[in-house]
Amino acid sequence: MDAKWLAVADEVREAVSAGRPTVALESTLIAHGLPWPANLETAREAETAVRERGAVPATIAVLDGRPTVGLTAAELERIARGGPIHKAGRRDLAPAVALGRTAATTVSATMALAQSAGIRTFATGGIGGAHRESEFDISADLLELGRTPVLVVCSGAKSILDLPRTLEILETHGVPVLGFQTDEFPTFYTAGYSGAVSARVETAAQAAATFAAHVRMGGRGALLAQPCPPDLAVDAESFNRALAEAELDATAERVHGADVTPFLLARLAELTGGKTLAANRALIVNNARLAADVAVALAKLQS
Ligand code: PSU
Ligand code: MN
C-alpha cells in the first residue's frame, strides 16, 4: 500500500491503515484550473471542509519526481504559485517520476495515486470528458474511472464538453453515475441539462453502500455528482455566449491537447466577469464536504 516510490504524509498513512476516513484532492485544478490567489484559497478551503466533516484530506501532486499523497502547507503553496508545473494525466506520471518533474495531477492521475495510497474517496470540481471540437479528444479521466476503484465526487463534467457523449462513454466503461439528490447529471458551473444519471441517491450512506457494492462485484470507479450551489450557478445563456467566444479564441491561438481545458477555463472567467470562477470555487468546496461525508460512511461500513 505504501511503496517507496510514493510519499504518503504520516497523518494520511496512519488514517488509511487504521481504516479512518480519508479524501483525496487533485492539484491540476489548483495549478491550471484557477488563478492565483483564488487557487490557494480554494485548495485550503477544500482541505478544511474535509477536516470539518471528520476525514483526513490528502492533496496529491508529483514533487520533483516524487508522487506525493498529502501535501504540506508549503508544498500546496508551491503548486498554487505556479511557474513550471506540468499537468499530469495518467500517461504523464511515469515521465514525471523518471525525469524528476514537478507536476499537478488531473483526475486520472490523482485516482491512480490515491488508489496506490489506499484512499477510496476523491473530490474534484468537474471531471474531463469528450471535447466538442475533436472527436478523439476524450479525457483519460473517463477510462481511469473504468479501471481504478475510487469514488470521484464532482459536479458532473465541465460545461465546455460534449456532455451527452461523455455520459455514453462512461456507460461503455461500466461506471455508475450517481446523482446526489438529483436525477440529472450536473453541468459543472452552469445550470442546464446534459442527461440522466444512472442512479439517484439521497444520502452519503447510500452513496457509500452503492460504491462498496460496485467494488465487491468487481466494479472499479464510480462518480457521485451534485450540482453547483444554485445561487452561484451561471445561467446557460450567458455561459454559452462566453463559451462560443472562448472556443473561437482557442482556435485562433491554436491551443491543443492538455492546454485546451486550462485555456477555456481562464478565458471563461474573464468573459463572465469572474462568475465562473466564483461558481467553480464554491462547487469544489461543496464536493470536498460531500466526499468527506461519504468517506465517513464508507469507513463505518467497513468496520
Ligand atoms: N475541475 C475543476 N477544474 C479543473 C479540473 C477539474 O474545477 O481544472 C481539471 C481536472 O484535473 C481534470 C482536468 O482531470 O481538468 C481535465 O483535463 P483534460 O480535459 O485535459 O483531460
Ligand atoms: Mn483532453
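Data block above holds the structure.
Reading the values: rules and limits
- Residues numbered from 1 in each chain as written.
- Chains lettered and ligands numbered in written order.
- Predicted model: local features only at pLDDT ≥ 70, side-chain atom pairs only at ≥ 80, totals over all residues.
- Heavy atoms only, no water.
- 1 Å grid on protein atoms, 1.4 Å probe; cavity = no way out; pocket = protein on both sides within 12 Å on 5 of 7 lines; lining within 4 Å.
- Points joined across faces, edges and corners; volume = space filled by probe spheres on them.
- Helix = DSSP H or I, 4+ residues; strand = E, 2+ residues; numbered from the N terminus.
- Nonpolar A, V, L, I, M, F, W, Y, C, P; charged D, E, K, R; others polar.
- Polar contact = N/O pair within 3.5 Å; in protein donor to acceptor, adjacent residues only side chain to side chain.
- Contact = heavy atoms within 4.5 Å.
- Phe/Tyr/Trp six-rings, centres within 6.5 Å; stacked < 30°, edge-to-face > 60°.
- Buried < 20%, exposed > 50% of the residue type's maximum accessible area, 1.4 Å probe, protein only.
- Lys NZ or Arg CZ within 6 Å of the ring centre and 35° of its normal.

Summed over all chains, the structure comprises 2 cavities of 30 Å³ or more. Taken as a whole, the largest cavity encloses approximately 70 Å³ of empty space. Looking at the lining of the largest cavity, the elements that each hand over two or more residues are helix H2 (28-33) and helix H3 (38-52). Ranked by the residues each element gives to the lining of the largest cavity, the list is headed by H3, at 3 residues. Here the residues of the lining of the largest cavity sort into 7 nonpolar, 1 polar and 2 charged.

With that settled, the discussion passes to the side chain of Thr-68. Tracing the backbone shows Thr-68 in strand S4 (residues 66-69). Within the structure, Thr-68 has its side chain in polar contact with the backbone oxygen of Arg-66 (distance 2.8 Å). Apart from residues no more than four positions distant in its own chain, Thr-68 is found in contact with Ala-7, Thr-59, Ile-60, Ala-61, Leu-63 and Glu-75.

The next point concerns the packing of aromatic side chains. All chains considered together, the criterion is met by 2 aromatic pairs. Judged by centre distance (5.9 Å) and plane angle (65°), the rings of Tyr-189 and Phe-239 are edge-to-face. Note that Tyr-189 is positioned in the loop between strand S9 (177-180) and strand S10 (190-191) and Phe-239 in helix H10 (residues 236-252), a separation of 50 residues in sequence. The two residues Tyr-189 and Phe-239 agree in class, both being buried. Among the aromatic residues, those joined into a cluster by ring pairs are Phe-188, Tyr-189 and Phe-239. We note Lys-158 situated over the ring of Phe-188; from NZ or CZ to the ring centre the distance is 5.8 Å.

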